[in-house]
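Here is what each chain is made of, one letter per residue.
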Amino acid sequence: MQETPDLKPPLALPELILETRALSIFYGANEAVKKVSLPIPQRRITAIIGPSGCGKSTLLRAFNRMNEFLAEVRMAGEVRYRGRNLYAPDVDPVEVRARIGMVFQKPNPFPKSIFQNVAWAPAINGLAAKRELPELVETSLRQANLWDEVKDRLDASGLSLSGGQQQRLCIARALAMKPEIILMDEPASALDPISTARIEDLLFELKERYTIVIVTHNMQQAARVSDYTAFMDLGVMVEFGETDQVFTRPREQRTEDYVTGRFG
Amino acid sequence: MSDAAWPGLPSLARRHRRAALARRGFALLTWLGVALLAVLLLRVGRQGFAWLDWGFLTSFPSRFPAQAGVLSALAGTLWLIGLTALFSVPIGIAAAIYLEEFSRPGRLRSAIEVNIANLAGVPSIVYGLLGLAFFVRGLNLGRSVLAGALTMSLLILPTIIIAAREALKAVPQSLRQGAMALGATRWQAVRHHALPSALPGILTGIILSLSRAIGEAAPLIMIGALTYIAFTPDGPLDDFTALPIQIYNWASRPQKDFHGLAAAGILVLLAVLLLMNAAAVAIRYRSQRKS
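Remember, it's a predicted structure, so these values are computed and weren't measured experimentally.

Engineer: Help me out: how do you make sense of the pattern of salt bridges in this one?
Structural biologist: Close approach of charged atoms lets side chains of opposite charge pair. Residue and element names in this part refer to chain B. Scanning the entire structure with this criterion turns up 20 salt bridges over all chains. Here Arg 109 makes a salt bridge to Glu 113, at a shortest N to O gap of 3.7 Å. On the criterion of helical spacing, the pair formed by Arg 109 and Glu 113 is a turn pair, its members being 4 residues apart in helix H4 (residues 107-121). Given a relative accessible area of 27%, Glu 113 falls into the partly exposed group. Several salt bridges share partner residues, and in doing so they unite Glu 100, Arg 109, Glu 113, Arg 165 and Lys 169 into one network.

Listed below in structure tokens is the structure:
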């Protein structure tokens, strides 16, 4: 267990695989994330909740250096992966993204076959030889609970699947890279309730082997699925703690207002 | 439906009439354009069809209309398209990829973009002058089909770049981001995802640009393409002529028979264009089927 000196009061957490320390992210002059110190414990699900525009997606994208593709983004503070600065000059962002996977809000499968969707990234990263790909694809699709539905039509286009299936395909695609951490940016917000429920079940299964950070505006989802919850508002991390505590015995008034639905 | 049943919509009938008027007006304009093209084709077809035979395709030009043919012009045009495509397509696509995928917004990029847009509008004869000075004389290529192709490449390069860029812009960013979030480099995301998705649009742009190049006579005349040759090019450094030049040459003669030959030449030119378009459609179809 680790102490987290930045949090008040300090919390005893399992080993941290990721953390931010006084991280600020600026879009031009706008400070979207304000001095956030967020610990991400290993092999747990950490949810980041908060009203629209509070900076949670921006914070999430800092973990796999995806903010770099946006113009005029500046950062202050640190993001650490296993204690090492993720933004050090000798760190290759391509390698970071190969180890920290991401699932986006709107499913974005490639306009290629289902097989190619899952196999492409491991192939170009040199992680799997050509003959190992079929097995890797099957394993990943099974882990994403999609194998039974697509095993007879792996050559079909990824776009021919339903929305929920496409999202599970994107999850399989991320899993095929065997990442340690998976970042999920509102993965079920574009899906119907049944697909959402299937993805939430999937998260419980994945938790045993992967660390998951999930941004969601659906509080019930955060309460159901996560071990730890961070509540953000207007760029500031208002509270962080075990999910149970944050939702039933919040320390901050703003947290209580949000989780009881008084605003947001 | 009387007005009393729906008192809030008194102008419904008038709006429907206006909509019908607009629809019919646009249809009329469209069919007018099509009709003009059809009339043109029919006239050319009627005039030239009689002269179109195997002998026409395999003979050289001659003083005697009955023996004249487009062999040298057709060969020259085919050489020209081939070489022009060879130079302009890779450079054009590479420039579009650089501008759209790798360059960062800034003064340099804006300067390049403005220049390309301007060059796209420069009259083709100016490119002829440039080709004469730089390729024919400067690089000492003479009046060769190579010099002609290089000149034409410069002519159509701006439009290829613009069309290819638009095609790349139309590919959603989510595709590239999805690829890069999996640990791909930007080039891998472009090469495996953005470029294949943009291919139909890029092909259309290439075909349109090459079609323009085929029909241009002025720049070729400027660099010295001949109008009466009795040989086909054996290599890129040979002298040449092209279909538009031959057609123009025949059309400007007083004898009516040569006008018929000119019309037949136009039909051959149109056939070449049709084949190019068909090739583009075939490539597009195959690339869409693969994904």
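Engineer: In this structure, what is going on with the interface of chain B and chain A? I would like to understand it.
Structural biologist: Often, the extent of an interface is quoted as the loss of accessible area upon association of its parts. Contact residues are listed per partner, giving 17 residues for chain B and 22 residues for chain A. For the pairing of chain B and chain A, the buried interface totals around 1,700 Å² over both sides, and the portion due to carbon and sulfur atoms is 64%. The interface formed by chain B and chain A includes 0 salt bridges. Run the count over chain B and chain A and you get 5 residue pairs in polar contact (both at pLDDT 80 or more). Going through the elements one at a time, helix H7 (173-180) and helix H8 (186-215) of chain B are the ones with two or more residues in the side of chain B that touches chain A. Here the side of chain B that touches chain A takes 6 residues from H7(B), the largest share from any one element. For the side of chain B that touches chain A, a count of residues per class yields 6 nonpolar, 10 polar and 1 charged.

Engineer: Would you explain the packing of aromatic side chains in this entry?
Structural biologist: Ring pairs (aromatic) are described by centroid distance and by the angle formed between their planes. Residue and element names in this part refer to chain A. Counted according to the given criterion, the structure contains 5 aromatic pairs over all chains. When the ring of Phe 110 is compared with that of Trp 120, the centres are 5.4 Å apart and the planes differ by 80 degrees; the resulting orientation is edge-to-face. Separated by 10 residues along the polypeptide, Phe 110 in the loop between strand S9 (100-103) and helix H3 (114-124) and Trp 120 in helix H3 bring together distant segments of the chain. Trp 120 matches Phe 110 in its accessibility class, with the two residues each being buried. Judged by centre distance (5.9 Å) and plane angle (0 degrees), the ring pair of Tyr 228 and Phe 240 falls under stacked. Here Tyr 228, found in strand S12 (residues 228-233), pairs with Phe 240, found in strand S13 (residues 236-242); they are 12 residues apart in sequence, far enough to count as distant. In this pair, the class of Tyr 228 matches that of Phe 240, namely buried. Across from the ring centre of Phe 26, 4.3 Å away, lies the NZ or CZ of Arg 74, which sits over that ring. Taking the ring centre of Phe 110 as reference, the NZ or CZ of Arg 173 above it sits at 4.3 Å.

Rules used in this analysis
Residues numbered from 1 in each chain as written. Chains lettered and ligands numbered in written order. Predicted model: local features only at pLDDT ≥ 70, side-chain atom pairs only at ≥ 80, totals over all residues. Heavy atoms only, no water. Salt bridge = Lys/Arg side-chain N within 4 Å of Asp/Glu carboxyl O. Helix = DSSP H or I, 4+ residues; strand = E, 2+ residues; numbered from the N terminus. Buried < 20%, exposed > 50% of the residue type's maximum accessible area, 1.4 Å probe, protein only. Contact = heavy atoms within 4.5 Å. Buried area = accessible area lost by both parts, 1.4 Å probe. Polar contact = N/O pair within 3.5 Å; in protein donor to acceptor, adjacent residues only side chain to side chain. Nonpolar A, V, L, I, M, F, W, Y, C, P; charged D, E, K, R; others polar. Phe/Tyr/Trp six-rings, centres within 6.5 Å; stacked < 30°, edge-to-face > 60°. Lys NZ or Arg CZ within 6 Å of the ring centre and 35° of its normal.

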